[in-house]
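Chain by chain, the residues run as shown.
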Amino acid sequence: NAGVTQTPKFRVLKTGQSMTLLCAQDMNHEYMYWYRQDPGMGLRLIHYSVGEGTTAKGEVPDGYNVSRLKKQNFLLGLESAAPSQTSVYFCASSSYLGSVIAKNIQYFGAGTRLSVL
Amino acid sequence: EDQVTQSPEALRLQEGESSSLNCSYTVSGLRGLFWYRQDPGKGPEFLFTLYSAGEEKEKERLKATLTKKESFLHITAPKPEDSATYLCAVQKTEYGNKLVFGAGTILRVKS
């Protein structure tokens, strides 16, 4: 049981290049999330999904796109990378059982460290 | 605007020196408050969920408490292996069960 797996772990891009980050979870969770983490700013939500085929914008969605074609996968795309997108990206997933708060725990992957030159 | 503020930004303790980390929040419709631990180069790891004022949770040397405006993470007799960044997050009662995170407290425990 791997939990949440992110690929790649590291990537260096040139300004204007595109790339896709892959997140896979094997816990059959309905909800999935993409965050970025920058020094002194904590984790900020980019996009999220409440189920297969659905996506929604988070706090900082500009410059990113996402897709959730399969329940277990959540893809984060950068169409034209900018130096401001240099960050560590984390994917998370959680189940949802209505008002049972304990089951709304988000489980995180190990992160992707992205540098845009 | 929803805000989560953690203090101090960094904390250095000697092994065995107890202390507390603070998480203050302003959010409407609080569903729950979460504490996570993050080691360097890794993703956050869940520690506790609190969802009502007065609630307390304990795990080994850690104890989390919650009031209507803030939460404390008390660390009793810490060990070097407790060194990590501790993140606080609030979950609102809204679509998507989104979390709003604080910037974290970096804890270093020296032997």
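Keep in mind it's a predicted model, so treat the numbers as computed, not measured.

A. Up close: the interface of chain B and chain A. Contacts between chain B and chain A engage 21 residues on the former and 22 residues on the latter. Both faces combined, the contact of chain B with chain A buries some 1800 Å², and carbon together with sulfur accounts for 60% of it. On inspection of chain B and its partner chain A, the count reaches zero salt bridges. For the interface between chain B and chain A, the tally reads three residue pairs in polar contact (both at pLDDT 80 or more). At the level of elements, β4 (30-38), β5 (45-50), β9 (84-92) and β10 (99-101) of chain B are the ones that each hand at least two residues to the side of chain B that touches chain A. Element by element, the count of residues in the side of chain B that touches chain A is highest for β4 of chain B, at four residues. Partitioning the side of chain B that touches chain A into residue classes produces 10 nonpolar, eight polar and three charged.

B. Quick look at unusual backbone geometry. Of the consecutive residues Thr-7 of chain A and Pro-8 of chain A, the connecting peptide bond is found in the cis state with omega at -5°. With respect to the helices and strands, Pro-8 of chain A occurs in the loop between β1 (4-7) and β2 (10-13). Residue Pro-8 of chain B is reached from Ser-7 of chain B by a cis peptide bond, and omega for that bond is -5°. Residue placement: Pro-8 of chain B occurs in the loop between β1 (3-7) and β2 (10-14). Even without being glycine, Ala-77 of chain B reaches a positive phi, approximately 45°. On the secondary structure map, Ala-77 of chain B appears in the loop between β8 (70-75) and β9.

Rules used throughout
As a convention, each chain's residues are numbered from 1 in the sequence order in which they are written. Ligands are numbered from 1 and chains lettered from A, in the order in which they are written. Confidence filtering applies because this is a predicted model: local features only for residues at pLDDT of at least 70, side-chain atom pairs given and counted only at 80 or more, and all residues used for totals across whole chains, interfaces and linings. Think of the side-chain values as coming from all heavy atoms in the structure, minus any hydrogens and water. Note on contacts: a residue pair is in contact if any heavy atoms of the two residues lie within 4.5 Å. Buried area: the sum, over both parts, of the accessible surface (1.4 Å probe) that disappears when the two are put together. A pair is scored as a salt bridge if a Lys or Arg side-chain nitrogen falls within 4 Å of a carboxyl oxygen belonging to Asp or Glu. In the analysis that follows, any N or O atom pair within 3.5 Å is treated as a polar contact, provided that within protein one partner can donate a hydrogen and the other can accept it, and provided that, for residues neighboring in sequence, both atoms belong to side chains. Only DSSP runs of H or I reaching four residues or more are called helices, and only runs of E reaching two or more are called strands; each is numbered from the N terminus. Just so you know the grouping, Ala, Val, Leu, Ile, Met, Phe, Trp, Tyr, Cys and Pro go in nonpolar, Asp, Glu, Lys and Arg go in charged, and all remaining residues, Gly too, go in polar.

This is a description of form; function is not addressed.
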